[in-house]
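Results of the structural survey
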Amino acid sequence: MKQYLISKKNYNGEVVLINCDKSSGYKFNPKNNYPYDGIKVNEMVIIKPSLIEKVIKRKIKNKLDFYLKIIIECLDGDDDDDTRIALGDLERYKKIIKEKYSIYLDEKYMNLLNKKIGVIEKELQNNISEKTYEEEISRRR
């Protein structure tokens, strides 16, 4: 296995391509949110299975936290359009997890994740039905 060391002081701004076996790793594009003078990474492939699992679990945790935040905001707000959009997005994300991430994660974690997603999905559906019920009652008055 080849290892590469890219030194910041020897870096002259050229594009650096590091070849590896992309078929055995997890490929993603880093966000590059923080400006710095170092190397800009456009695409990255992680090959180590334990690191792949950590990166994917962190991504999933952040996304589930986002859905929980939407649920909390929907409890305070009157509009259920955001909840409907979040529910549709959650369905799409569930498919992504099943198709893209399931090959890197163990079955026990996938079962737990499906239960968590089911709870979030049910809560979003409950919020939609409560808002619809409240609107129906306010129209009848």
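The structure displayed is predicted, hence computed values, not measured ones.

Analysis parameters
Residues numbered from 1 in each chain as written. Predicted model: local features only at pLDDT ≥ 70, side-chain atom pairs only at ≥ 80, totals over all residues. Heavy atoms only, no water. Helix = DSSP H or I, 4+ residues; strand = E, 2+ residues; numbered from the N terminus. Contact = heavy atoms within 4.5 Å. Core = buried A, V, L, I, M, F, W, Y, C linked by side-chain atoms within 4.5 Å. Buried < 20%, exposed > 50% of the residue type's maximum accessible area, 1.4 Å probe, protein only. Axes fitted to C-alpha atoms, helices over the stretch in contact; angles between N-to-C directions. Parallel < 35°, antiparallel > 145°, perpendicular 65-115°, else oblique. Left-handed = near helix turned anticlockwise from the far one by under 90°. Nonpolar A, V, L, I, M, F, W, Y, C, P; charged D, E, K, R; others polar.

Some points on the overall build of the protein
What the protein contains, in helices and strands, is three helices and two strands. Sequence-ordered secondary structure for the protein, helices as α and strands as β, is β-β-α-α-α. Summarising the internal contacts of the protein: among those between residues at least 6 apart in sequence, 65% fall at separations of at least 24.

Regarding the nonpolar core
Membership of the largest hydrophobic core comes to 24 residues, with the highest contact counts inside it found for I60, I97, Y101, L113 and L124. Contributing elements (two or more residues each) for this core: helix 1 (49–76), helix 2 (81–101) and helix 3 (107–140). Sort the elements by how many residues they give to this core and helix 1 lands first, with eight residues. With near-sequence residues (within four places) excluded, Y101 lies in contact with Y26, I56, K59, I60, Y93 and I96.

A short note on the packing of helix 2 against helix 3
It is the contact of helix 2 with helix 3, at a shortest axis distance of 10 Å, that shows an interaxial angle of 165°. It follows from the interaxial angle that helix 2 and helix 3 lie roughly antiparallel. For helix 2 against helix 3, the interelement crossing comes out left-handed. Judged by residue contacts, T83, R84, A86, L87, L90, E91, K94 and I97 of helix 2 engage M110, L113, I117, I120, E121, L124, Q125, N127, I128 and T132 from helix 3. The class makeup of the residues in the contact of helix 2 with helix 3 is 10 nonpolar, four polar and four charged.

Topic: the packing of helix 1 against helix 3
The N-to-C vectors of helix 1 and helix 3 enclose an angle of 20°; their axes lie 10 Å apart at closest approach. Judged by the angle between their axes, helix 1 and helix 3 are roughly parallel. Helix 3 is crossed by helix 1, and the crossing has left-handed handedness. Where helix 1 abuts helix 3, its residues K57, I60, L64, Y67, L68, I70, I71, C74 and L75 lie against Y109, L113, K116, I117, I120, E123, L124, N127 and K131. Partitioning the contact of helix 1 with helix 3 into residue classes produces 13 nonpolar, one polar and four charged.

Quick notes on the environment of M44
By secondary structure assignment, the location of M44 is in strand 2 (residues 44–46). When its relative accessible area of 38% is taken as the criterion, M44 is described as partly exposed. Counting along the chain gives 17 residues from M44 to K27, while the straight-line C-alpha distance between them is 5.7 Å.

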